[in-house]
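# Architecture at a glance
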Amino acid sequence: MRKKINCILVSLVLSMSVFLTGCYDEPDLIDDISTSVGKVAQVSIVWLGTVRQTTSSSAVITGQTVDAGTSTTFNIEFNSEIPVKEFKVYWAATAAGTQTLVATIPAGTQKYDATLRSYVLTVPVQAQDTKGTTRIFFAAITTENGLVSLQKSATLTTNK
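Anyway, here's the lowdown on the structure attached to this text.

The rules behind these values
Residues numbered from 1 in each chain as written. Predicted model: local features only at pLDDT ≥ 70, side-chain atom pairs only at ≥ 80, totals over all residues. Heavy atoms only, no water. Helix = DSSP H or I, 4+ residues; strand = E, 2+ residues; numbered from the N terminus. Buried < 20%, exposed > 50% of the residue type's maximum accessible area, 1.4 Å probe, protein only. Contact = heavy atoms within 4.5 Å. Areas by Shrake-Rupley, 256 points an atom, 1.4 Å probe, with all protein chains shown as cover. Core = buried A, V, L, I, M, F, W, Y, C linked by side-chain atoms within 4.5 Å. Pairing = 2+ DSSP bridges. Axes fitted to C-alpha atoms, helices over the stretch in contact; angles between N-to-C directions. Salt bridge = Lys/Arg side-chain N within 4 Å of Asp/Glu carboxyl O.

## Quick word on the overall build of the protein
For the protein, the count of helices and strands is 2 helices and 9 strands. Starting at the N terminus and walking to the C terminus, you meet the elements of the protein as α-α-β-β-β-β-β-β-β-β-β. Within the span of the protein, comprising 160 residues, buried residues form 27% of the whole. Taking the contacts inside the protein whose residues are at least 6 apart along the sequence as the reference set, 65% of them involve residues at least 24 apart. Roughly 10700 Å² of accessible area belongs to the protein as shown, and the carbon and sulfur atoms make up 57% of that amount.

This is how it looks when you write it as structure tokens:
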């Protein structure tokens, strides 16, 4: 009789352990630390001037030096899997300085560059009037889902 009771208790304990472990829900660490709100456009690179110049190591030269008050262009190269709503261009005296909005451009004015395999938008900008100063231009893209890309910047310096 004692053997039967021990067998019943052992089988009861085993069945309880199976039922209890079946209810345990393993936490999903990725879902706990990230929440996707949608896709966003990616600014590949920005540069100043009418021609995209590179160094000997094929790095794009993003900065430009011009005479004070000169007009130039700010070029934004980007990729996006979803429709773009608008482009915004800002300037600041320093990288961490207060940004001033230069232009808001609605989507549709960009061109696809088959060589670069991405879109390029050219925005006319004006150099500062003070000689020997620096102005940093920033680009940001807002997509149709309301998400804003990370900013990329290029530096415009005036001759002394």
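## Remarks on the nonpolar core
The biggest cluster of nonpolar side chains holds 21 residues, and the ones touching the most others in it are Phe 74, Ile 76 and Ile 141. Apart from the residues lying within four places of it in its own chain, the contact partners of Phe 74 are Val 46, Trp 47, Leu 48, Val 89, Leu 121, Thr 122, Val 123, Val 125, Phe 137, Phe 138, Ala 139 and Ala 154. Listed in part, the 5 residues of the second largest apolar core include Tyr 90, Ala 92, Phe 138 and Ala 140.

## Considering the sheet that holds strand E4 (residues 84–92)
In space, the 5 strands of this open sheet follow the order E2-E9-E8-E4-E5, with mixed pairing throughout. Each edge of the open sheet is held by one strand with a lone partner, namely strand E2 (64–66) and strand E5 (100–106). Put simply, the sheet's adjacent strands are angled 25 degrees from each other on average, direction ignored. In terms of strand pairing, strand E8 (residues 134–143) meets strand E9 (residues 152–158) through 6 bridges, oriented antiparallel. Along E9, the bridge assignment pairs Ile 136 with Thr 155.

## Here's the deal with the pattern of salt bridges
Scanning the entire structure with this criterion turns up 3 salt bridges. In this structure, Glu 77 and Arg 52 form a salt bridge, with 2.3 Å as the shortest nitrogen-oxygen distance. One end of the pair, Glu 77, is in strand E3 (residues 71–79); the other, Arg 52, is in the loop between strand E1 (42–48) and E2, and 25 residues separate them in sequence. By relative accessible area, which is 7% here, Glu 77 ends up buried. Owing to a relative accessible area of 30%, Arg 52 belongs among the partly exposed residues under this scheme. For Glu 86, the salt bridge identified is with Lys 88, shortest N-O distance 3.7 Å. Residue Glu 86 is classed as buried on the basis of its relative accessible area of 18%. Note on Lys 88: relative accessible area 23%, which makes it partly exposed.

## Comments concerning the sheet that holds E1
Overall, antiparallel pairing links the 4 strands, which are arranged E1-E3-E7-E6 in an open sheet. Looking at which strands have only one partner, the edges of the open sheet turn out to be E1 and strand E6 (111–113). Shown here is a sheet whose adjacent strand axes are inclined to one another by a mean of 35 degrees, direction ignored. With 8 bridges joining them, E3 and strand E7 (residues 118–126) adopt antiparallel strand pairing. Residue pairing for E7: Asn 75 is matched across the bridge by Thr 122.

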